[in-house]
Amino acid sequence: MNYYSTRDARRANPVTASKAILTGLAPDGGLYVPEQIPALPFGLDELKALDYRETAFRVLKAFLTDYTADELRDCIAGAYDAKFESPETVEFKETEKGIFYLELFHGATIAFKDMALSILPYMLTKAAKKNGFDGEIVILVATSGDTGKAALAGFADVPGTRIIVFYPKGGVSPVQERQMITEAGKNTAVVGVRGNFDDTQTGVKNIFGNKALAAELKENGFAFSSANSINIGRLLPQVVYYVYAYGELLRRGALKLGEPMNVTVPTGNFGNILAAHYAKQMGLPIGKLLCASNDNRVLTDFFASGRYDKKRPFILTTSPSMDILISSNLERLIYEIADESACVDGNADAKAVRCSELMKELKENGEYSLTEAEKARLADFEAGSANQAEVAEEIRRVFRDYAYVIDPHTAVASKVTRDYRTVTGDTTPIVIASTASPFKFPRSVLTALETGEALAESDFDLFAPLKEKCARTLPKAVDRLESLPIRHTTVCEVGEMQDTVMKILKEAKK
Ligand SMILES: *Cc1c(COP(=O)(O)O)cnc(C)c1O
């Protein structure tokens, strides 16, 4: 099966799955999509008997057709091992009847990005070999906090890879910084940049765009790659847990074979919910897909009106990973629903022509509008948003009624789910993607719980009181974090980022 860019109007550049993963962003600026979504390669009746790893194998095999079975099994074994503090990788919590929180946060950095970033390094190194590259892959990441540590944890000590993470010095939380600079992987480097996140991200983009540098590196046996969320290799592993969740609901007797489940996803870049949509297209009985946003409700408005408009203030919220005005992965959905009739050239991929047009409008004017026909193709989606007061109230309510502590991202989804069920009366069992552990956001969570105590100044001192509330053991990710040795101390100016990369790679050669 081939993959094409969402902007490849001639379908001139088919690539294999491994090549798409290796490349990340397509050279024309589009995103790679499979030429068709494969059907589930097994009957639904078999699903009950599949564990997480076997589900992952079957689902990924259907998409990654140029990987051998052995290669995929290697990837899965390397990824979903003891790094996850849950034997089946994910866990479920049913609060009221028919409402299931799908906990995706039992990996190394206690957020759902671990689900994909733990397997991507293995898929990437195998992709490199398949495509004739036998040097070392160098992953460059600019992070505003969370992605950096998840990528470090995923790539740490994976043979054939090296990872360099840049973060704005002073621009991430103390806990996030400490998680990164204590990273022990021998192939890792973490660098603070004297600048803000935008400077840092631009710096990394410039390094990626420097052709002379790429050539020099290649001579030395290195090649750059990215672990960005637009990489199809990050999207596909996320399809797995929706399929697995259906099996779990069958096992629990919450569903009979073939009955639909609904899904709610707290959304930022639109990757996670798109994965659920792909699961549905594979034939998994999913009814509604609820897209939940925080105060940055660009997607809520988009699904209501058919108009995407990023021209609005950027609001900093208690769910920072959803503070996004340009949801990059939405492009894959736009491609899928694009109106072919708008294109007059019979030889072209009309969807790609239309998709490129809309993305150009977004870039130039900050907005675009769908046709009525296109809008009608979004009928599977429902969208809603929750503001910060509602999020805090939801955290409080769920704790009060079920003694269950959820993080602010999950709370956005939880509130949107409740509103949807109240308004529609739809009692279909529903799976809420629970994307972060409350231990990742101890201050917001404890503040929402209104315990009446003054909160300690340092976030490090909030883990203990939160642990009381959660009645859980402290996750490895934060346990004794404060006393781990600091291993990365490099700080550089924005203008020195490229030299810093070269220096790190020269060191690595020795
Ligand atoms: C990244 C992230 C999200 C948003 O996921 P998308 O795939 O970007 O929509 C939601 N919650 C948490 C905790 C995240 O880290």
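Up top is the structure.
Small disclaimer: the values here were computed from a predicted structure and weren't measured. (Residues numbered from 1 in each chain as written. Predicted model: local features only at pLDDT ≥ 70, side-chain atom pairs only at ≥ 80, totals over all residues. Heavy atoms only, no water.)

**Student:** Lay out the sheet that holds strand β13 (residues 381–385) in plain terms, naming residues and giving numbers.
**Tutor:** The six strands are arranged β3-β4-β14-β9-β10-β13 in an open sheet whose pairing can be described as mixed. Each edge of the sheet is formed by a strand with only one pairing partner; in this case those strands are β3 (91–94) and β13. In this sheet, neighbouring strand axes are inclined to one another by 25° on average, regardless of whether the strands run parallel or antiparallel. Strand direction decides the pairing type here: strand β10 (residues 286–293) and β13, joined by five bridges, are parallel. Directly across from Ser293, in β13, lies its bridge partner Ser385. (Pairing = 2+ DSSP bridges. Helix = DSSP H or I, 4+ residues; strand = E, 2+ residues; numbered from the N terminus. Axes fitted to C-alpha atoms, helices over the stretch in contact; angles between N-to-C directions.)

**Student:** Kindly report on the site of the ligand, identifying the contributing residues and their values.
**Tutor:** The environment of the ligand is made up of 14 residues, and the closest members are Lys113, Gly268, Asn269, Asn272 and Thr435. A distance of 3.1 Å separates an oxygen atom of the ligand from a polar backbone atom of Phe270. Separating an oxygen atom of the ligand from a backbone N or O atom of Gly271 is a distance of 3.2 Å. The protein chains hide 95% of the 390 Å² of surface that the ligand would expose on its own. Of the residues contributing to the shell around the ligand, the split by class is five nonpolar, eight polar and one charged. (Near = heavy atom within 4 Å. Polar contact = N/O pair within 3.5 Å; in protein donor to acceptor, adjacent residues only side chain to side chain. Areas by Shrake-Rupley, 256 points an atom, 1.4 Å probe, with all protein chains shown as cover. Nonpolar A, V, L, I, M, F, W, Y, C, P; charged D, E, K, R; others polar.)

**Student:** Tell me about the packing of aromatic side chains, and name the residues and values.
**Tutor:** One pass over the structure, following the stated rule, counts 15 aromatic pairs. Taken together, a centroid distance of 5.2 Å and an interplanar angle of 70° make the contact between Tyr52 and Tyr244 edge-to-face. Linking Tyr52 in helix α3 (residues 52–63) with Tyr244 in helix α11 (residues 232–251), this pair joins segments that are 192 residues apart in sequence. Take Tyr244: its relative accessible area is 5%, and that puts it in the buried class. With 6.1 Å between their ring centres and 35° between their planes, Phe270 and Phe381 make a pair best called tilted. Placement of the pair is Phe270 in the loop between β9 (261–266) and α12 (271–281) and Phe381 in strand β13, with a sequence separation of 111 residues. Connected via pairs of aromatic rings, a cluster forms that spans Phe270, Phe302, Phe303, Tyr308, Tyr368 and Phe381. Lying across the ring of Phe57, Arg73 places its NZ or CZ 3.6 Å from the centre. Directly above the ring of Tyr67 sits Lys130, whose terminal nitrogen or CZ lies 5.4 Å from the centroid. (Phe/Tyr/Trp six-rings, centres within 6.5 Å; stacked < 30°, edge-to-face > 60°. Buried < 20%, exposed > 50% of the residue type's maximum accessible area, 1.4 Å probe, protein only. Lys NZ or Arg CZ within 6 Å of the ring centre and 35° of its normal.)

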